[in-house]
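Summary of the model geometry
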Amino acid sequence: MSIRARLDEVDRRIREACARSGRRREDVEIVAVTKYVSIETAREALRSGLVHLGENRWQEAAPKLRALQEEDPRPTWHFIGTLQTNKVKDVVGRFAYIHSLDRPSLAEAINRRAEQLGIRVPCFIQVNVSGEATKHGLAPEELIGFARTLADMRGIAVAGLMTMAPHVEDPEEARPVFRRLRELRDELNRAAVLPEEAPGLSMGMSNDFEVAVEEGATWLRLGTILVGKEEAVS
Ligand SMILES: *Cc1c(COP(=O)(O)O)cnc(C)c1O
């Protein structure tokens with residue numbers, strides 16, 4: 001199936017989830033996660049109308065960024081994976097968004113690099129809502145304190161919160177995790193510790209995106225369902 005056909009189907013399902021929850025389709029964006037696929041497939045995603053592309057490792061993303069930087073439309077890159085501090089110099093300035101801000105040392109490194117470049121980087125604070133030991137992210141109770149330390153970092157614009165739901169068979173089981181992230185975002189904005197509102201919710205993947213939309217997702221990160229998965233990409 002072409003990416004265009006898959007996108008049509010995903011779009012239909014997003015519209016239905018929006019209708020069920022009284023939301024507008026235009027308030028939900030898609031990041032097509034190209035980490036599993038070749039440059040050629042990422043190019044097909046762009047030609048199918050997907051402009052936001054997500055990658056989770058700098059080494060594997062770099063050749064794609066180089067190859068696609070002249071395309072029309074050009075991708076807007078999202079860094080969605082765990083970000084090592086020593087990769088910040090490579091990532092900041094090339095990726096428009098970072099979805100995995102999860103610790104003070106990383107915030108300091110991003111801020112320093114952004115200030116050198118004279119830019120502000122929209123970042124999502126990653127929260128480990130489910131509490132699984134294997135997942136990155138702040139504990140929910142650390143969120144407000146962490147946000148307070150970001151308040152005077154001019155190189156960082158907090159775009160919202162991000163989480164990864166546990167991998168479960170029934171997407172309904174992910175619902176409480178998404179709902180909790182939305183509540184945390186609302187608590188963060190009520191606490192007013194940041195200079196601006198942080199409206200975004202980066203949540204929902206191939207197996208659970210409709211539930212995420214129903215719970216308020218503004219950025220879905222979709223890999224397998226949209227662009228598929230290819231063996232031996234690089
Ligand atoms: C790989 C990945 C995704 C996409 O996963 P799919 O289940 O293939 O949609 C989303 N978010 C993050 C952080 C990822 O690493």
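Coordinates for the structure precede this section.
All of the points below concern the structure found in this document. (Residues numbered from 1 in each chain as written. Predicted model: local features only at pLDDT ≥ 70, side-chain atom pairs only at ≥ 80, totals over all residues. Heavy atoms only, no water.)

**Let's talk about the overall build of the protein**
When you go through the protein residue by residue, the secondary structure sums to nine helices and eight strands. In terms of its C-alpha atoms, the protein occupies a principal-axis envelope of roughly 45 × 40 × 30 Å. Counting across all 234 residues of the protein, residues that qualify as buried make up 52%. Contacts spanning at least 24 positions in sequence make up 62% of the contacts within the protein whose residues lie at least 6 apart. Working note: accessible area of the protein is about 11,000 Å², and carbon and sulfur atoms make up 46% of it. (Helix = DSSP H or I, 4+ residues; strand = E, 2+ residues; numbered from the N terminus. Buried < 20%, exposed > 50% of the residue type's maximum accessible area, 1.4 Å probe, protein only. Contact = heavy atoms within 4.5 Å. Areas by Shrake-Rupley, 256 points an atom, 1.4 Å probe, with all protein chains shown as cover.)

**Re the packing of aromatic side chains**
The full count for this structure, using the stated rule, is five aromatic pairs. Judged by centre distance (5.2 Å) and plane angle (85 degrees), the ring pair of phenylalanine 79 and phenylalanine 95 falls under edge-to-face. Pair noted here: phenylalanine 79 is in strand β3 (residues 76–79) and phenylalanine 95 is in the loop between α4 (88–91) and β4 (97–101), with a separation of 16 residues, a long-range link. Just as phenylalanine 79 is buried, phenylalanine 95 falls in that class too. Centre to centre, the rings of tyrosine 97 and tryptophan 219 are 5.2 Å apart; their planes meet at 55 degrees, and the pair counts as tilted. Of this pair, tyrosine 97 sits in strand β4 while tryptophan 219 is found in strand β8 (residues 219–222), placing the two residues 122 residues apart along the sequence. Taking relative accessible area as the criterion, tryptophan 219 reaches 10% and is therefore assigned buried. By the ring-pair criterion, three or more aromatic residues cluster together here, those being Trp58, Trp77, Phe79 and Phe95. (Phe/Tyr/Trp six-rings, centres within 6.5 Å; stacked < 30°, edge-to-face > 60°.)

**Thoughts on the pairing of β4**
The buried fraction of β4 is high, at four of five residues. Bridge count between β3 and β4: two bridges; the pairing is parallel. Note that in β4 the partner of histidine 78 across the bridge is tyrosine 97. In terms of strand pairing, β4 meets strand β5 (residues 121–126) through two bridges, oriented parallel. Each bridged residue has a counterpart across the sheet, and for leucine 101 the counterpart in β5 is isoleucine 125. Crossover handedness for the path β4 to helix α5 (residues 104–117) to β5: right-handed. (Pairing = 2+ DSSP bridges. Right-handed = clockwise from strand over helix to strand, strands pointing away.)

**Quick notes on the layout of surface pockets**
If a probe as big as a water molecule is rolled over the atoms, it shows which places are left empty. Volume-wise, the largest pocket comes out at about 430 Å³. Lining the largest pocket we find 20 residues, and of these Lys35, Ile80, Met164, Met205 and Arg221 sit closest to its centre. Taken together, the residues that form the lining of the largest pocket break down as six nonpolar, 11 polar and three charged. Roughly 220 Å³ of volume is contained in the second largest pocket. Those elements that provide at least two residues to the lining of the second largest pocket are α3 (58–68) and β3. Broken down by element, the lining of the second largest pocket gets its largest block of residues, five residues, from α3. Its residues placed into classes, the lining of the second largest pocket shows eight nonpolar, two polar and three charged. (1 Å grid on protein atoms, 1.4 Å probe; cavity = no way out; pocket = protein on both sides within 12 Å on 5 of 7 lines; lining within 4 Å. Points joined across faces, edges and corners; volume = space filled by probe spheres on them. Nonpolar A, V, L, I, M, F, W, Y, C, P; charged D, E, K, R; others polar.)

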